[in-house]
Amino acid sequence: MSEPAVILPAPLWRRLAAAFYDGLLLLALWLVVAMADQAVRILAGLPPSVRALQAALMLAGLFLFGWSWTHGGQTLGMRAWRLKVRRVDGGALRWPTAIARYGFAWLAWLPLGLGVLWSAVDARRRAWHDIATSTEVVVLPVISGKRPASSSRDAP
């Protein structure tokens, strides 16, 4: 029988790599939202509204991250770097926790990323938004014996 895999807290470098991937995805989503906002305003004859656009961008980000965290615990960047966010008891996040985590994550990034960099000195490698919402980001173990999907070149 094989030993259970050890789940380790995510190191800062890995969190930053996943955040970079997610930042690119978020930027693309924001571009789509901004274009849609502009198109709707032009078609409806409405004046530009910076506050409405800001609210739409924040809600789009909340939906992107909230959905990812509550449906599998991984964003696209976290999947690429084998990371997962979960409650400290190991359970999955629910929407109230995801909403709070998203809000606190903005506060953690705003002061030059100090709240995220905090994970480098925290004993359990938690950033401010992890501490505030009782969540943690862990590295998923590599599953041995799992082959990548075969390509058409592999077919006889």
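One can find the structure itself at the top, above this paragraph.
Just so it is clear, the structure is predicted and the values come from calculations on it, not from any experiment.

Novice: Help me understand the packing of aromatic side chains, please; the structure alone is not making it clear to me.
Specialist: In this description, a pair of aromatic rings is defined by centroid distance and the angle of the planes. The final tally for this structure, using the stated rule, is seven aromatic pairs. Each ring, one from Tyr21 and one from Trp81, has its centre 6.1 Å from the other, and the planes form 65 degrees; the classification is edge-to-face. One end of the pair, Tyr21, is in helix H1 (residues 12-44); the other, Trp81, is in the loop between helix H3 (76-80) and strand E2 (83-87), and 60 residues separate them in sequence. Of the residues examined, Tyr21 reaches a relative accessible area of 40% and is grouped as partly exposed. Connected via pairs of aromatic rings, a cluster forms that spans Trp30, Phe65, Trp69, Tyr102 and Trp106. Positioned above the aromatic ring of Trp69 is the side chain of Arg101, whose terminal nitrogen or guanidinium carbon lies 4.7 Å from the ring centre.

What counts, and where the lines are drawn
- The numbering scheme is per chain: residues are counted from 1 as the chain's sequence reads.
- The model is predicted, so local features are restricted to residues of pLDDT at least 70 and side-chain atom pairs to those at 80 or more, both for listing and for counting; the totals for chains, interfaces and linings are taken over all residues.
- Hydrogen atoms and water are omitted, and side-chain values are computed over all heavy atoms in the structure.
- In this scheme Phe, Tyr and Trp rings, the latter by its six-membered ring, pair at centre separations within 6.5 Å, and the angle between planes marks the pair as stacked below 30 degrees, edge-to-face above 60, and tilted otherwise.
- Secondary structure counts use DSSP, requiring at least four H or I residues in a row for a helix and at least two E residues in a row for a strand, with both numbered from the N terminus.
- Burial classification: accessible surface area is computed with a 1.4 Å probe over protein chains only, and a residue below 20% of its type maximum counts as buried, one above 50% as exposed, and the rest as partly exposed.
- By the criterion adopted, a ring carries a charge over it if an Arg CZ or a Lys NZ lies within 6 Å of its centre and within 35 degrees of its normal.

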